Amino acid sequence: MHKMIRKIALSLGRQVSSMARGATQVRRLLHGGYVRIHPSVQEALVEGRPVVALESTIITHGMAHPLNLSMAREVEEIVRANGAVPATVGILRGQIHVGLTDEELEFLASSKNAVKVSRRDFPFVLSQGLSGGTTVSGTMIVAHKAGIPVFVSGGIGGVHRDGENTLDVSADLTELGRTPVAVVSAGAKSILDIGRTLEYLETQGVCVAAFGESREFPAFFSRQSGFQAPYHVQDEEEAAKLIDSALGLGLGSGVLIAVPCPQERAAQGQVIEEAIQQALSQARSKGITGKDVTPFLLQRLTELTDGKSLDSNLALIQNNARVGSCIAVALSKLQKARRKRSQAGQKDMSAPQPVVIGGINVDFIAKAQNPEILGGGQTNAGRVRRAFGGVGRNLADCLSRLGQAPLLLSAVGKDEHLESVLHYCHHMVSQFKEKLCQAPLVCIDGNVPLSTIQYVCQVAREHQLAVCYEPTDENKASKPFLSDSWKALTYISPNLQELRAINRTLGNPVPAELPSRLEDAVQAAVALACPLLSHLQCVVVTLGAHGVLLCGRSLAGSISLHPGAHRQAAAARLCAAHYPAIPISREEIVNVSGAGDSLMAGILAGMLAKHDTDTCVRMGLLAASLSLRSYEPISPEISTSSVSQEQVKSRSWPEAKVWKMD
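Bear in mind the structure is a predicted one, so any value in this text is a computation, not a measurement.

K.L.:
Please explain the overall build of the chain as it appears in this structure.
P.N.:
On a plain count of helices and strands, the chain comes out with 24 helices and 23 strands. Taken across its 662 residues, the chain has 55% of its residues classed as buried. Long-range contacts, defined as pairs at least 24 residues apart, comprise 72% of the intrachain contacts of the chain with a sequence gap of at least 6. If you sum the accessible surface of the chain, you get close to 28,600 Å²; carbon and sulfur atoms cover 50% of it.

K.L.:
What should I look at first to understand the packing of aromatic side chains in this one?
P.N.:
How two aromatic rings sit relative to each other is given by the distance of their centres and the angle of their planes. Under the counting rule described, the total for this entry stands at one aromatic pair. Directly above the ring of Trp653 sits Arg651, whose terminal nitrogen or CZ lies 5.5 Å from the centroid.

K.L.:
How do you make sense of the nonpolar core when you look at a structure like this?
P.N.:
A general trend in soluble globular proteins is that nonpolar side chains are found buried together. With 102 residues, the main nonpolar core has Val98, Ile148, Ile156, Leu201, Phe217 and Ile257 as its most contacted residues. It is helix α15 (residues 308-346) that contributes the most residues to this core, 11 residues altogether. By size, the runner-up hydrophobic cluster in this structure holds 46 residues, among which are Leu441, Leu561, Met607 and Leu622.

K.L.:
Help me understand the environment of Ala210, please; the structure alone is not making it clear to me.
P.N.:
Assignment of secondary structure puts Ala210 in strand β9 (residues 207-211). Its relative accessible area of 1% is what places Ala210 among the buried residues. As for Ala210 and Gly187, which are separated by 23 residues in sequence, their C-alpha atoms are 8.3 Å apart. Contacts of Ala210, omitting those with residues within four sequence positions, involve Arg215, Glu216, Ala229, Tyr231, His232, Val233 and Ala258.

K.L.:
Help me out: how do you make sense of the pattern of salt bridges in this one?
P.N.:
Across all of its chains, the model carries 17 salt bridges by this definition. Of the charged contacts in the structure, one is a salt bridge between Arg73 and Glu106, with a shortest N-O distance of 3.8 Å. Note that Arg73 is positioned in helix α5 (residues 67-81) and Glu106 in helix α6 (residues 102-110), a separation of 33 residues in sequence. Assessed through its relative accessible area of 35%, Arg73 is described here as partly exposed. Of the residues examined, Glu106 reaches a relative accessible area of 37% and is grouped as partly exposed. With its nearest N and O atoms 2.8 Å apart, the salt bridge here joins Arg393 to Asp397. Remark: Asp397 and Arg393 occur in helix α16 (residues 391-401); sequence separation between them is four residues, near one turn of the helix. Taken together, the shared-partner salt bridges in this structure form one network comprising Arg73, Asp102 and Glu106.

K.L.:
Is there a simple way to think about empty space enclosed by the protein in this case?
P.N.:
If a probe as big as a water molecule is rolled over the atoms, it shows which places are left empty. Within this structure, the stated rule accounts for five cavities of 30 Å³ or more. Here the largest cavity is characterised by a volume of approximately 130 Å³. Lining the largest cavity we find 13 residues, and of these Leu54, Glu55, Ile58, Val75 and Ile317 sit closest to its centre. Of all the secondary-structure elements, those providing two or more residues to the lining of the largest cavity are α4 (57-62) and α5. The element that contributes the greatest number of residues to the lining of the largest cavity is α5, accounting for four residues.

K.L.:
Where do I start with the packing of α16 against helix α22 (residues 595-608) in this structure?
P.N.:
Packed helices, taken two at a time, are described by the angle their axes make and the gap between the axes. The geometry of α16 relative to α22 is characterised by a closest axis approach of 9 Å and an angle of 45° between their N-to-C directions. Regarding the angle of α16 to α22, the classification is oblique. The handedness of the crossing between α16 and α22 comes out as right-handed. Note on element contacts: α22 touches α16 through Asp597, Ser598, Met600, Ala601, Leu604 and Ala605, opposite Val391, Asn394, Leu395, Cys398 and Leu399.

K.L.:
Is there a simple way to think about unusual backbone geometry in this case?
P.N.:
Negative phi is the rule for most residues except glycine; trans is the rule for most peptide bonds. For the bond from His65 to Pro66, the omega torsion is 10°, close enough to zero to count as cis. Note on placement: Pro66 falls in the loop between α4 and α5. At Gln464, a residue that is not glycine, the phi angle is positive and equals roughly 55°. Inspection of the secondary structure puts Gln464 in the loop between α18 (450-463) and β17 (467-470). Positioned with a positive phi, Thr472 is a non-glycine residue whose angle comes to about 80°. As for its placement among the helices and strands, Thr472 is situated in the loop between β17 and β18 (491-492).

K.L.:
It is not clear to me how the confidence of the model for the chain should be interpreted in this structure. Could you clarify?
P.N.:
Reading fine detail from the predicted coordinates is not recommended where pLDDT is low. The share of residues in the chain with pLDDT of 70 or more is 85%, and the mean pLDDT across the chain is 83. Mean pLDDT across the elements of the chain ranges from a minimum in helix α1 (residues 2-16), with 37, to a maximum in strand β2 (residues 51-54), with 98. Counting contacts from residues 1-31, a segment whose pLDDT is below 50, to residues more than four positions away or on other chains yields 89 contacts.

K.L.:
What is the right way to read helix α10 (residues 171-178) from this model?
P.N.:
Every α-helix winds through 3.6 residues per turn, so residues three or four apart in the chain are directed the same way. If you check which residues of α10 are buried, you get Asp172, Leu173, Glu175, Leu176 and Gly177. Each element contacted by the buried residues of α10 is listed here: α8 (136-146), β8 (182-185), α11 (194-203) and β11 (255-258). Its side-chain oxygen 3.0 Å from the backbone nitrogen of Asp172, Ser170 forms the N-cap of α10.

K.L.:
For this particular structure, what's the right way to read the packing of α5 against α6?
P.N.:
Look at α5 against α6: their axes get within 9 Å of each other, and the N-to-C directions meet at 145°. Handedness of the α5/α6 crossing: right-handed. Between α5 and α6, the contacting residues are Asn68, Leu69, Ala72, Arg73 and Glu76 on the first element and Asp102, Leu105, Glu106 and Ala109 on the second. Looking at the contact of α5 with α6 residue by residue, the class counts come to four nonpolar, one polar and four charged.

K.L.:
How do you make sense of α8 when you look at a structure like this?
P.N.:
Taken across its 11 residues, α8 has 10 buried, putting it largely inside the fold. Taken as a whole, α8 has its buried residues at Val136, Ser137, Gly138, Thr139, Met140, Ile141, Val142, Ala143, His144 and Ala146. The N-terminus of α8 is capped by Thr135, whose side-chain oxygen sits 3.3 Å from the backbone nitrogen of Ser137. After α8 finishes, the residue Gly147 shows a positive phi value of roughly 80°.

K.L.:
Can you walk me through the side chain of Thr60 in this structure?
P.N.:
By the element assignment, Thr60 lies in helix α4. Setting aside chain neighbours within four positions, we find Thr60 in contact with Leu108, Ala114, Gly132 and Gly133.

K.L.:
Got a minute to help me understand the pairing of β17 in this structure?
P.N.:
It is a general feature of regular strands that their side chains alternate between the two faces of the sheet. Side chains Val467 and Tyr469 project from β17 onto one buried face, and the interleaved Cys468 and Glu470 project onto a second face that is buried too. Pairing of strand β16 (residues 442-445) with β17, which is carried by four bridges, proceeds in the parallel orientation. Within β17, the residue paired with Val442 across the bridge is Val467. In this fold, β16 hands off to α18, which returns the chain to β17; that crossover is right-handed. Relative to β18, β17 runs parallel, the two being bridged by two bridges. Note on β18: the bridge partner recorded for Tyr469 is Ile492.

Rules and cut-offs
Residues numbered from 1 in each chain as written. Predicted model: local features only at pLDDT ≥ 70, side-chain atom pairs only at ≥ 80, totals over all residues. Heavy atoms only, no water. Helix = DSSP H or I, 4+ residues; strand = E, 2+ residues; numbered from the N terminus. Buried < 20%, exposed > 50% of the residue type's maximum accessible area, 1.4 Å probe, protein only. Contact = heavy atoms within 4.5 Å. Areas by Shrake-Rupley, 256 points an atom, 1.4 Å probe, with all protein chains shown as cover. Phe/Tyr/Trp six-rings, centres within 6.5 Å; stacked < 30°, edge-to-face > 60°. Lys NZ or Arg CZ within 6 Å of the ring centre and 35° of its normal. Core = buried A, V, L, I, M, F, W, Y, C linked by side-chain atoms within 4.5 Å. Salt bridge = Lys/Arg side-chain N within 4 Å of Asp/Glu carboxyl O. 1 Å grid on protein atoms, 1.4 Å probe; cavity = no way out; pocket = protein on both sides within 12 Å on 5 of 7 lines; lining within 4 Å. Points joined across faces, edges and corners; volume = space filled by probe spheres on them. Axes fitted to C-alpha atoms, helices over the stretch in contact; angles between N-to-C directions. Parallel < 35°, antiparallel > 145°, perpendicular 65-115°, else oblique. Left-handed = near helix turned anticlockwise from the far one by under 90°. pLDDT = per-residue confidence, 0-100. Polar contact = N/O pair within 3.5 Å; in protein donor to acceptor, adjacent residues only side chain to side chain. Nonpolar A, V, L, I, M, F, W, Y, C, P; charged D, E, K, R; others polar. Pairing = 2+ DSSP bridges. Right-handed = clockwise from strand over helix to strand, strands pointing away.

As structure tokens, this is what we get:
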């Protein structure tokens, strides 16, 4: 479960620091139903270990069975032997796979109807439940979404010969111009127009570097193409630095590392060129066009060169796998070293942060201009507003505005709303690192998966952490109470419905109907909270317009909120204290979605500031009243000035009414 916490933390952290992006992308891909990430790949990404993406078109369209299968297995083994994790990308029955089992490799290798899948083909292939091999373009897309920065291929596509007339240009080139992945290949396939391919890559803003001793741009089977690469890297360390710089700049374009075929197994240029011309002529006479051209030409080259081109093909693929995995390992070391330096620079003497674990939502609120909606297909004038919500985000937002600088751990989607969420939440996003065990307070909401809640409770028990659980709604309220995890909680903040659901889960007697009159609601809340106080310090029952009821142990005349006090006061009497809400007219209420979260955040902010219980609760009531009047779930007017001990003291408050519970 600790890996999931790390994943969630990185989901926001990648936007504001140089931390690895793997966990973010894993979460994003798994959130949709299109992708399956192999457990070994997922684990490596989460832990920041080097992963190498591998294409599958070479399996489905590049070689005949069973040679294609043995080649695929051997390439994966080379990647492992050099310290990286192979992630062959393929599509099986309408689902993208990142990392294949041996059975899945065999399925693709023996498939007779596999589709060649580039960017344009994904929607159709997935919607029809088809299987296919991903091209350089298709593999780059998946690798980027999975957070894999290095991808090994045989050779990229490019501008076809006579492309100035046919406009036959591979999607690999445009993908390199818009997808930030480093492609390690033996240059471009020699059947292409190498000069125009390099010109096109320049136009697309792709950084191209030859690998090794020469700047000569390789031509797949041959080490020489007659063209020079713009740049040159001597070894995997230099290549890794180049890739790291490109990724760090955030240019959005890829990098091409062109690796020549090993000298002893490279095909002679003149032999290959003559075979290419013959194969091209045959392709034209047969009317072969589009994506069928490359597989046809490669097959004819194998036949026309008596297998010499195939031998070179195998050699260069194996060599690319070795070089690419070494580059991935070097890049991983660079990134880890930078993270360590960054973390060392962040180790100051600042106080531990409270941690909030929960959801972030983007809400759209539509409100008609007239109180009555017109029927009959008529237009109803109104207004639509966008607001940022989610219980975890609301708590973190309000705590942040009250000077507590919380660490928010959440999962975010990589969509059009991500940047707006991060911009809106900039005041509470810091350099993320795992501070869970040092946190003075951990808040967690019911949107979080059960396994994560259980893990947090386990850590809390081991490190004596104060944990506040916000149940979120009646259906999610019982998650911690499905096991003994709840006994590690310190506070919970349910409403009456949620409190009843919790008791029902624990097997305690519950009322069939919940009362609405204040006196009856207090009586029901007291009865439902009492069984929980054998382990919890305080049950904060939100009562809507009636205010809030605190249930806990009375210490020095009031219910103590400070962590650990209930352990020291086991003999103290159980009490319930009711605090009325601040009066607010119906006309003044604009948004109710964040009032409860504001209430709890205000109480917790007061507790963290070591204020007395009355002050804490009234800070919460002040925060709630401001949010009720705001279009945003958490009012922007909430601050250390508007919600503070001084503000509480400056107002007149009704006395809290106290009952003995035992």
